[in-house]
Amino acid sequence: MDGLILAGGKSSRMGGSHKGDLIYQNETFLERIIHEFQKEDGKIWISYGAEIRREYPGCEGVLDHYPECGPLGGLHAGLKRCRSQLIMAAACDMPFLEIGVYRYLRKQLAEAERIHPGLLYDGAVPAADGRVHPLGAIYRKQAADCFEKQLKKGNYRLRDALQCLNILYVDMSGQPELRHMLRNVNTMQEYAALAKNKEHAEKRR
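This write-up is about the structure you can find in this document.

Here is what the cut-offs are and how they apply
Residues numbered from 1 in each chain as written. Predicted model: local features only at pLDDT ≥ 70, side-chain atom pairs only at ≥ 80, totals over all residues. Heavy atoms only, no water. Helix = DSSP H or I, 4+ residues; strand = E, 2+ residues; numbered from the N terminus. Rg over C-alpha atoms; globule rule 2.2 N^0.38 Å. Contact = heavy atoms within 4.5 Å. Lys, Arg positive; Asp, Glu negative; His and termini not counted. Charge placed at Lys NZ, Arg CZ, Asp CG, Glu CD. Disulfide = S-S within 2.5 Å. Buried < 20%, exposed > 50% of the residue type's maximum accessible area, 1.4 Å probe, protein only. Axes fitted to C-alpha atoms, helices over the stretch in contact; angles between N-to-C directions. Left-handed = near helix turned anticlockwise from the far one by under 90°. Nonpolar A, V, L, I, M, F, W, Y, C, P; charged D, E, K, R; others polar. Core = buried A, V, L, I, M, F, W, Y, C linked by side-chain atoms within 4.5 Å. Expected span 1.5 Å × (residues − 1). Arc of directions from axis to C-beta.

The helix and strand inventory of the chain stands at 7 helices and 10 strands. Over its C-alpha trace the chain gives a radius of gyration of 17 Å, about what one expects of a compact globule, namely 17 Å for 205 residues. Overall, the C-alpha framework of the chain stretches about 55 × 40 × 30 Å when taken along its three principal axes. In the chain, 66% of the contacts between residues at least 6 apart in sequence involve partners at least 24 apart. With 30 positive and 26 negative side-chain charges, the chain shows a spacing of 2 Å between the two charge centroids.

And the structure:
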């Protein structure tokens, strides 16, 4: 599977700091996701929105076909460029993501399609405790067509776009390790709490 990291956000709630550049366990959030995606044999793409911010070895930047449309525009552009039929999508503000989430999703996807021959899902999206996590999911390349239709309508809500797709929702509520990986860091307060928890854990060692 190819990997797509969505790093085109403006990080307005981070006081000007780009979320992908924040540090956790001696790596930036973005570097952590790159290293996880490298455990699969696929190309890694980084969606930057309107301009390439930074080059990373072994990765290729992707610019949106429909700028200023949020994650939906990044997913569309990445799916158009990717080489594999399945792509792992990750928001750059999810520092706990590990490859295990995607391997579990792929396994569930394969099992669901085995049980129902001829059924082809457009993606597998995790759900936990009543929430869906479309930015830590797997999508099929064909989903780009539906995303493009949604973009042309001017509706940039990703969850609305998912309504026109055949999505397998995978409940991870009973799996705390996987559920933890789906957490994101949206604000400076959340980032400060993350750093504080890390410092506290180190003092207890």
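Okay, back to it.
What follows concerns the state of the cysteines. Summed over the entire model, instances satisfying the criterion amount to 1 disulfide. A sulfur-sulfur distance of 1.6 Å marks the disulfide that ties cysteine 146 to cysteine 164. Here cysteine 146, found in helix H4 (residues 143–153), pairs with cysteine 164, found in the loop between helix H5 (158–162) and strand S10 (167–171); they are 18 residues apart in sequence, far enough to count as distant. Judged by relative accessible area, which is 45%, cysteine 164 ranks as partly exposed. No disulfide involves cysteine 59; its nearest neighbouring cysteine sulfur is the one of cysteine 92, lying 13 Å away.

Moving on, we come to the packing of helix H2 (residues 71–81) against H4. Here H2 crosses H4 at 140°, and the two axes come no closer than 9 Å. Once H2 is placed against H4, the crossing between them reads as left-handed. Note on element contacts: H4 touches H2 through Ala143, Ala144, Asp145, Phe147, Glu148, Gln150 and Leu151, opposite Leu72, Gly73, Leu75, His76, Leu79 and Lys80. Here the contact of H2 with H4 is built from residues that sort into 7 nonpolar, 3 polar and 3 charged.

Right, let's talk about the nonpolar core for a bit. Within the largest apolar cluster, 34 residues are counted, with the highest numbers of intra-cluster contacts made by Ile5, Ile34, Phe37, Ile46, Val101 and Tyr102. For this core, the secondary-structure elements that each account for two or more residues are helix H1 (29–37), strand S4 (44–49), strand S6 (86–91), helix H3 (99–115), S10 and helix H6 (176–181). When residues of this core are assigned to their parent elements, the largest contribution, 6 residues, is made by H3. For isoleucine 46, the contacting residues outside a window of four places in its chain are Ile5, Ala7, Leu30, Ile34, Tyr56, Cys59, Glu60, Gly61 and Val62. In terms of nonpolar packing, the next biggest core, distinct from the first, is built from 25 residues, Leu6, Trp45, Ile87 and Tyr139 among them.

Turning next to H1. Of all 9 residues in H1, 7 are buried; the element is thus mostly enclosed. Looking only at H1, the buried set comprises Phe29, Leu30, Arg32, Ile33, Ile34, Glu36 and Phe37.

Before going further, it helps to spend a moment on H3. Since the α-helix advances by 3.6 residues per turn, residues separated by three or four positions end up pointing in the same direction. For H3, which comprises 17 residues, the first-to-last C-alpha distance of 25 Å matches the rise-based estimate of 24 Å (1.5 Å per residue) to within 8%. Within H3, burial applies to Ile99, Val101, Tyr102, Leu105, Leu109, Ala112 and Glu113. Along H3, the residues classed as buried sweep out an arc of 155° about the axis, all on the same side. Among the exposed residues of H3, those oriented more than 90 degrees off its buried face are Lys107 and Arg114. If you follow the buried residues of H3, they end up packed against H1, S6, strand S7 (123–128), strand S9 (136–140), S10 and H6.

Keep in mind these numbers describe shape, not what the thing actually does.
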